[in-house]
Amino acid sequence: DEIAKLTTTRLQREPVTSPMLAFSGERYRKFVDPYDKSADLTARARAYLHANCAQCRVDAGGGNALFNVDINAKADKIKLFDVKPVHHTYKLNDARLVAPGAPNRSVLLYRMTHRDAGCMPPLATSIVDKEAVELIREWIQKMPAGKDD
């Protein structure tokens, strides 16, 4: 609710032409809006993770969890599903970075649910994005066990 109050619409402005871009904004691929419930669930989740996590969670991106959520990452490079955490498990039973079909065992989701130490994303917010938490929870819940892409 608080985020909604701060923005009048998710489409806040039209693309602008910039000398920093090789082409005008209209020529670039557009991600699915993660908050658009009529769009494909996996496309929404991948778009959210790309926009909020991929700057660190890519090969040589600076994050020390060895997974890759770049929207263009191939299945064998993601290394997120059914992978044991290298660092903290947050006392989750049989914790995995993402435990397909089991949000309650998924460290990625747990870290999104609070703003204390270990929260994600760690920068530029003091508010849990409840819509994003529900998106990722639903995405994980609907994954079949043994998912590898």
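Here, residues in each chain are numbered from 1, in the same order as that chain's written sequence. Confidence filtering applies because this is a predicted model: local features only for residues at pLDDT of at least 70, side-chain atom pairs given and counted only at 80 or more, and all residues used for totals across whole chains, interfaces and linings. Working from all heavy atoms in the structure, the side-chain values ignore hydrogens and water.

## Some details on the packing of aromatic side chains
Under the pairing criterion, centres of Phe, Tyr and Trp rings, with the six-membered ring standing for Trp, must be within 6.5 Å; the plane angle then separates stacked pairs below 30 degrees from edge-to-face pairs above 60, leaving the rest tilted. Counted under the stated rule, the structure contains 2 aromatic pairs. Relative to Trp139, the ring of Phe81 has its centre 5.8 Å away and its plane inclined at 70°; by these criteria the two rings are edge-to-face. Note that Phe81 is positioned in the loop between α3 (75-78) and α4 (107-112) and Trp139 in helix α5 (residues 130-142), a separation of 58 residues in sequence. By relative accessible area, which is 11% here, Phe81 ends up buried. Here the aromatic rings of Tyr90 and Tyr110 are separated by 5.1 Å at their centres, their planes lie at 40°, and the arrangement is tilted. With Tyr90 in the loop between α3 and α4 and Tyr110 in helix α4, this pair connects stretches of sequence that are 20 residues apart. For every residue, the accessible area obtained with a 1.4 Å probe (protein chains only) is divided by the maximum for its type, and the residue is called buried under 20%, exposed over 50%, and partly exposed between those limits. What makes Tyr90 buried here is its relative accessible area of 18%. For Tyr110, a relative accessible area of 31% translates into the label partly exposed. Strands here mean DSSP runs of E at least two residues long; helices mean DSSP runs of H or I at least four residues long; both are numbered from the N terminus.

## Observations concerning the side chain of Arg46
Looking at the secondary structure, you find Arg46 in helix α2 (residues 41-53). All tallies of charge rest on Lys and Arg as positive and Asp and Glu as negative; His and the ends of each chain are not included. Should a side-chain nitrogen of Lys or Arg be within 4 Å of a carboxyl oxygen of Asp or Glu, the pair is scored as a salt bridge. For the buried Arg46, no salt bridge exists, and the shortest N-O distance to an oppositely charged side chain is 6.4 Å, to Asp70. In the analysis that follows, any N or O atom pair within 3.5 Å is treated as a polar contact, provided that within protein one partner can donate a hydrogen and the other can accept it, and provided that, for residues neighboring in sequence, both atoms belong to side chains. Looking at Arg46, its side chain comes within polar contact range of the main-chain oxygen of Ile71, at 3.5 Å.

## Focus: the environment of Thr113
The topology assignment puts Thr113 in the loop between α4 and α5. Taking relative accessible area as the criterion, Thr113 reaches 33% and is therefore assigned partly exposed. Separated by 14 residues in sequence, Thr113 and Ile127 place their C-alpha atoms 9.6 Å apart. Residue contacts for Thr113: discarding those within four places in its chain leaves Val128, Val133 and Arg137. Contacts between residues were defined by any pair of non-hydrogen atoms, one from each residue, lying within 4.5 Å.

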